[in-house]
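# Understanding the architecture of this molecule
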Amino acid sequence: MQLVNITYEIEVKPGEKLILPEFIRESIGAGNWIITIQPKLNYSPVTLSKS
C-alpha cells in the first residue's frame, strides 16, 4: 500500500455548491478513505525546523 496525501485549495462562493472535479473523483478507488474539509487559514502558518 502506498500512502497518498492530496491537498487541493478551492473557493466556494455564496450560492455555489462544492463539486469535486472529475479527475479527483476518478483518482479515488476501492478502499477506505478519510476525507477532511476545513476552512482555509487567513494567514500562512509558520513552519519551524531544527538544524
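Right, let's walk through the structure included here. Please read these numbers as outputs of a predicted model, since none were measured by experiment. Starting from 1, residues in each chain are numbered consecutively following that chain's sequence as written. Local features are withheld for residues below a pLDDT of 70 in this predicted model, meaning they are given only at 70 or higher, and side-chain atom pairs are given and counted only at 80 or more; totals for whole chains, interfaces and linings count all residues. To obtain the side-chain values, all non-hydrogen atoms of the structure were used and water was disregarded.

### Here we look at the overall build of the chain
When you go through the chain residue by residue, the secondary structure sums to one helix and zero strands. Just so you have it, the chain exposes about 6,100 Å², and 55% of that area is on carbon and sulfur atoms. Only runs of H or I of at least four residues qualify as helices and only runs of E of at least two qualify as strands under DSSP, and these elements are numbered from the N terminus. Exposure was quantified through the Shrake-Rupley algorithm and a 1.4 Å probe, taking into account, for residues, occlusion by the shown protein chains and nothing else.

### Looking at the pattern of salt bridges
One speaks of a salt bridge when a side-chain nitrogen belonging to Lys or Arg is within 4 Å of a carboxyl oxygen belonging to Asp or Glu. The tally for this structure, following the rule as stated, stands at one salt bridge. Residue Glu 9 pairs with Lys 40 through a salt bridge whose shortest N-O separation is 2.9 Å. Highlighted residues: Glu 9 in the segment before helix H1 (22-27) and Lys 40 in the segment after H1, separated in sequence by 31 residues. Lys 40 shares its class with Glu 9; the two are exposed. When accessible area is computed with a 1.4 Å probe and restricted to protein chains, residues below 20% of their type maximum are described as buried, those above 50% as exposed, and intermediate ones as partly exposed.

### Some thoughts on a nonpolar patch on the surface
Patches here: salt-bridge-free residues with over 30% relative accessible area, like charges joined within 9 Å, nonpolar side chains (Val, Leu, Ile, Met, Phe, Trp, Tyr) joined within 5 Å. A cluster of nonpolar side chains, contributed by Val 4, Ile 6, Tyr 8, Ile 10, Val 12, Leu 18, Leu 20, Phe 23, Ile 28, Trp 33, Ile 35 and Ile 37, occupies part of the molecular surface with about 1,200 Å² of accessible area. Note on placement: Ile 6 falls in the segment before H1.

### Focus: the environment of Ile 24
In this fold, Ile 24 is placed in helix H1. Separated by 18 residues in sequence, Ile 24 and Ile 6 place their C-alpha atoms 9.5 Å apart.

### Some remarks on the environment of Arg 25
If you trace the backbone, Arg 25 turns up in helix H1. On the basis of relative accessibility, which here comes to 44%, the residue Arg 25 falls in the partly exposed class.

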